[in-house]
Amino acid sequence: MGWNSWNFFAGKVTDKDIRDTADLLVSTGMRDAGYVYVNIDDTWEGKRDEQGRIQSNEKFPDMKALADYVHSKGLKLGIYSSPGPKTCAGFEGSLGHEEQDAQTYAGWGVDYLKYDMCSFIGAVMNVQAPGDTAKQFDIMHAAYEKMHQAILKTGRPMVYSFCEYGWDSVWDWGPGAGANLWRTTGDISANFDRMSSIGRAQAGLAKFVGPGHWNDPDMLEVGNGRLNHDENVTHMTLWAMLAAPLIAGNNLTKMTPEIGAILMNKDVLAIDQDPLGKQGDRVFAEGPVEIWAKPLKDGSKAVAIFNFGESATQMRGIALHLKEMGFGGSAKAHDVWAAKDLGTIKDDWKTTIPRHAVVLLVMKR
Ligand code: GLA
């Protein structure tokens, strides 16, 4: 869990934004809720010096000092690069400097690297193996493994985050190449259709994750753009059901109490972070209504009933599908967002779910 600069600040992020964010992660309680990584995304990179060492640009006058500041707050620092010659925003990438860059990051005190394919596709894969997809994928695997080895060689523990948009079923080979998390799709944006289609696209990927290696449906947009309350709650719930890395992406200097309460709901975070480390999966779908279930360590299950549709849905014909979730005819239910026990409910449990909203239950026998 942490925060990343891209979704809100994008190319404008500065040293001051990172320091302000670090301060606010502490004062808002987010750090203590678990959001400990402060990740600088693209556009921090400057030129290389005569020895080829990467420098930060004028927006980040002193990376070591910034890392020290972040660490002094009980937080960790993340950084970003690309295996290609350029990053997605056109800044300096790590191609040909992998070991040197890993050493530089370690020297600064970096704890996390997001490695984003970007120009590697056009500048390396397409050039070295034009038209040969299988060979291109081998080249991609090797590039991610190369940086993995470079990180290991520094001796400094770093979370290694793959950003190659899910290419070549990254969940299959990513963990073997050192990935702690891997993006499974293209970029999220702060709108309901994009966010929900990315979340729903994780169906079927549950078996590839466990403690230390996770599917990454991209960073949170909670509190960004035009997501309304129900949409923010749906976003947070879906990511928790997916045991997804929770990397907030909002502007903490403007965070409302409502958004803070969504990001820091203890019971929802406990579902995401449950030590069993199982990703939830879809149990049932009928049009816009989907039921997802996630097994939890204590033997109970988180059950989310989503309405991705454009109008309120009454659960009339739609049963809860308790059997498919491994329950008998009935189960004890707790409504997480409402913080309310519902007693024992059965398959024919009825509720109305507004447009773009969700009911999140924890159920036990
Ligand atoms: C890609 C990534 C994003 C972000 C930008 C930065 O689009 O997928 O998450 O890192 O690059 O340029």
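Reference entry: report on the structure contained in this document. (Residues numbered from 1 in each chain as written. Predicted model: local features only at pLDDT ≥ 70, side-chain atom pairs only at ≥ 80, totals over all residues. Heavy atoms only, no water.)

**Notes on the packing of helix α6 (residues 120-128) against helix α7 (residues 133-154)**
Contact geometry for α6 and α7: axes closest at 9 Å, N-to-C directions at 130 degrees. When the interaxial angle is binned, α6 and α7 end up oblique. Every pair of crossing elements has a handedness; the one defined by α6 and α7 is right-handed. Counting all contacts with α6, which are made through F120, V124, M125, N126 and Q128, the residues of α7 involved are K135, Q136, I139, M140 and A143. Looking at side-chain class alone, the contact of α6 with α7 contains six nonpolar, three polar and one charged residues. (Axes fitted to C-alpha atoms, helices over the stretch in contact; angles between N-to-C directions. Helix = DSSP H or I, 4+ residues; strand = E, 2+ residues; numbered from the N terminus. Parallel < 35°, antiparallel > 145°, perpendicular 65-115°, else oblique. Left-handed = near helix turned anticlockwise from the far one by under 90°. Contact = heavy atoms within 4.5 Å. Nonpolar A, V, L, I, M, F, W, Y, C, P; charged D, E, K, R; others polar.)

**Observations regarding the site of the ligand**
Taken together, the neighbourhood of the ligand is formed by 13 residues, with D41, D42, K114, D116 and D187 sitting nearest. In the environment of the ligand, an oxygen atom lies 2.8 Å from a nitrogen or oxygen atom belonging to the side chain of D42. Taking R183, its side chain carries an N or O atom lying 3.2 Å from an oxygen atom of the ligand. When the ligand is considered free in solution it has 310 Å² of accessible area, and contact with the protein chains removes 92% of it. Residues that form the shell around the ligand fall into these classes: seven nonpolar, no polar and six charged. (Near = heavy atom within 4 Å. Polar contact = N/O pair within 3.5 Å; in protein donor to acceptor, adjacent residues only side chain to side chain. Areas by Shrake-Rupley, 256 points an atom, 1.4 Å probe, with all protein chains shown as cover.)

**What about the sheet that holds strand β18 (residues 357-364)?**
Across the sheet, which stays open at both edges, the six strands sit in the order β11-β12-β13-β18-β15-β16 with antiparallel pairing between neighbours. The open sheet is flanked by β11 (281-286) and β16 (340-346), the only strands paired with a single partner. Within the sheet, the average angular offset between the axes of one strand and its neighbour, ignoring direction, is 25 degrees. Inspection of the sheet shows strand β13 (residues 301-307) paired to β18 by seven bridges, in the antiparallel sense. (Pairing = 2+ DSSP bridges.)

**Comments concerning the sheet that holds strand β5 (residues 76-81)**
The eight strands are arranged β9-β8-β7-β6-β5-β2-β1-β10 in an open sheet whose pairing can be described as parallel. Strands at the two margins of the open sheet, each flanked by one partner only, are β9 (214-216) and β10 (247-248). Sheet topology note: the β5/strand β6 (residues 112-116) ladder contains four bridges and is parallel. Bridge assignment links Y80 to a residue of β6, and that residue is K114.

**Concerning the side chain of N215**
By the element assignment, N215 lies in strand β9. Within the local environment of N215, its side chain forms a polar contact with the side chain of W182, the two groups lying 2.7 Å apart. Polar contacts involving the side chain of N215 include one to the main-chain carbonyl oxygen of L205, which spans 3.0 Å. Ignoring sequence-local partners within four residues, the contact set of N215 consists of W171, W182, T184, Q202, L205, V209, A244, P245 and Q279.

**As for unusual backbone geometry**
If you check the backbone angles, Y165 has positive phi at about 65 degrees while not being a glycine. Relative to the helices and strands, Y165 resides in the loop between β7 (159-163) and α8 (170-173). One non-glycine residue with positive phi stands out, namely S169, at about 45 degrees. Residue position: S169 is located in the loop between β7 and α8.

**Quick word on the pattern of salt bridges**
Evaluation of the coordinates by the stated rule reveals 18 salt bridges. Between E92 and R48 there is a salt bridge; the shortest N-O distance is 3.2 Å. In this pair, E92 is assigned in the loop between β5 and α5 (98-108) and R48 in strand β3 (residues 45-48), connecting sequence segments 44 residues apart. As a salt-bridge pair, E98 and K146 come within 3.9 Å of each other at their nearest N and O atoms. Of this pair, E98 sits in helix α5 while K146 sits in helix α7, and the two are 48 residues apart along the sequence. Residue E98 is classed as buried on the basis of its relative accessible area of 9%. (Salt bridge = Lys/Arg side-chain N within 4 Å of Asp/Glu carboxyl O. Buried < 20%, exposed > 50% of the residue type's maximum accessible area, 1.4 Å probe, protein only.)

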